[in-house]
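# Chain and residue survey
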Amino acid sequence: MKLKDIGFPHGRFDFVSANVTGTSINIIGEHADDDRRINILVDEIIHFRITDESYSIDTFLSLIAKDEDKELFDKQCFFEVIDLSYSDWILKESYFPLDECFKQYFFIFREDLIEIISSSPPIFSFIE
């Protein structure tokens, strides 16, 4: 699986909450170093899943990251998947068609992983 840094925001975050309404998800995270809160809104979701990675023996990062990638995951936790390996797996596990305008995202919080497939990009904002 190939990941691309979304580019904003940088740093490590703790997952706080997720609110799903119809076809959108609103995610709240807290910056690990300075307690700033971030809001992530994703509309037109097709698939999402939240996994608690804190009890995993083989975490998601250990499956996708090579040793040289570990530093990237210390600085960033919001990624777009740029190959189709993940969506191919989802299609095998589910019965729903994906059109060509969808994007796949992984939000890797310190103890939680959020997987999203959506036709809209995430919108990030800091909560004052």
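In what follows, the structure referred to is the one given above.
For the structure given in this document, a descriptive report is provided here. The structure presented is a predicted model; accordingly, all values stated were derived computationally and were not measured. (Residues numbered from 1 in each chain as written. Predicted model: local features only at pLDDT ≥ 70, side-chain atom pairs only at ≥ 80, totals over all residues. Heavy atoms only, no water.)

What follows covers the sheet that holds strand β3 (residues 24–31). Two modes of strand pairing occur in sheets, parallel and antiparallel, and in both the strands are linked by backbone hydrogen bonds. Across the sheet, which stays open at both edges, the four strands sit in the order β2-β3-β4-β9 with antiparallel pairing between neighbours. A single partner strand is all that each edge strand has here, and the edge strands are β2 (13–21) and β9 (123–127). Strand-to-strand, the axes of this sheet are offset by a mean angle of 20 degrees, without reference to chain direction. Across eight bridges, β2 lies against β3 in antiparallel orientation. Across the sheet, residue Phe 13 finds its bridge partner in β3, namely His 31. (Pairing = 2+ DSSP bridges. Helix = DSSP H or I, 4+ residues; strand = E, 2+ residues; numbered from the N terminus. Axes fitted to C-alpha atoms, helices over the stretch in contact; angles between N-to-C directions.)

On to the side chain of Ser 118. Checked against the element boundaries, Ser 118 lands in strand β8 (residues 112–118). For Ser 118, a relative accessible area of 0% puts it in the buried group. Only 2.6 Å separates the side chain of Ser 118 from the backbone oxygen of Asp 43, close enough to count as a polar contact. A distance of 3.2 Å separates a polar side-chain atom of Ser 118 from the backbone oxygen of Glu 44. Once residues lying within four places of it in the same chain are set aside, the contact partners of Ser 118 are Val 42, Asp 43, Glu 44, Ile 45, Ile 46, Cys 101, Phe 102 and Lys 103. (Buried < 20%, exposed > 50% of the residue type's maximum accessible area, 1.4 Å probe, protein only. Polar contact = N/O pair within 3.5 Å; in protein donor to acceptor, adjacent residues only side chain to side chain. Contact = heavy atoms within 4.5 Å.)

On to the nonpolar core. Counting 20 residues, the largest nonpolar core has Ile 27, Ile 40, Val 42, Phe 78, Phe 107, Phe 109 and Ile 116 as its most contacted members. Of all the elements in the fold, those that place two or more residues in this core are β3, β4 (37–42), β6 (78–81), β7 (103–108) and β8. Per element, the largest residue contribution to this core is four residues, and it comes from β7. Residues contacting Ile 27, with those up to four places away along its chain left out, are Phe 15, Ser 17, Ala 18, Ile 38, Asn 39, Ile 40, Phe 107, Phe 109, Ile 114 and Ile 116. (Core = buried A, V, L, I, M, F, W, Y, C linked by side-chain atoms within 4.5 Å.)

Let's shift gears to the packing of aromatic side chains. Summed over the entire model, instances satisfying the criterion amount to seven aromatic pairs. Geometrically, the ring pair formed by Phe 13 and Phe 78 is tilted, given 5.5 Å between the ring centres and 55 degrees between the ring planes. Here Phe 13 is found in strand β2, whereas its partner Phe 78 is found in strand β6, with 65 residues between them in sequence. Both residues of the pair, Phe 13 and Phe 78, count as buried. In this structure an aromatic cluster arises from ring pairing among Phe 13, Phe 15, Phe 78, Tyr 105, Phe 107, Phe 109 and Phe 124. (Phe/Tyr/Trp six-rings, centres within 6.5 Å; stacked < 30°, edge-to-face > 60°.)

We now examine the sheet that holds β7. If you trace the five strands from one edge of the open sheet to the other, you get β1-β6-β7-β8-β5, paired in antiparallel fashion. At either end of the open sheet lies a strand with only one pairing partner, and these are β1 (3–5) and β5 (45–52). Neighbour-to-neighbour, the strand axes of this sheet turn through a mean angle of 25 degrees, independent of strand direction. Of the pairings in the sheet, the one linking β1 to β6 comprises three bridges and is antiparallel in character. Paired with Leu 3 across the strands is Val 81, a residue of β6.

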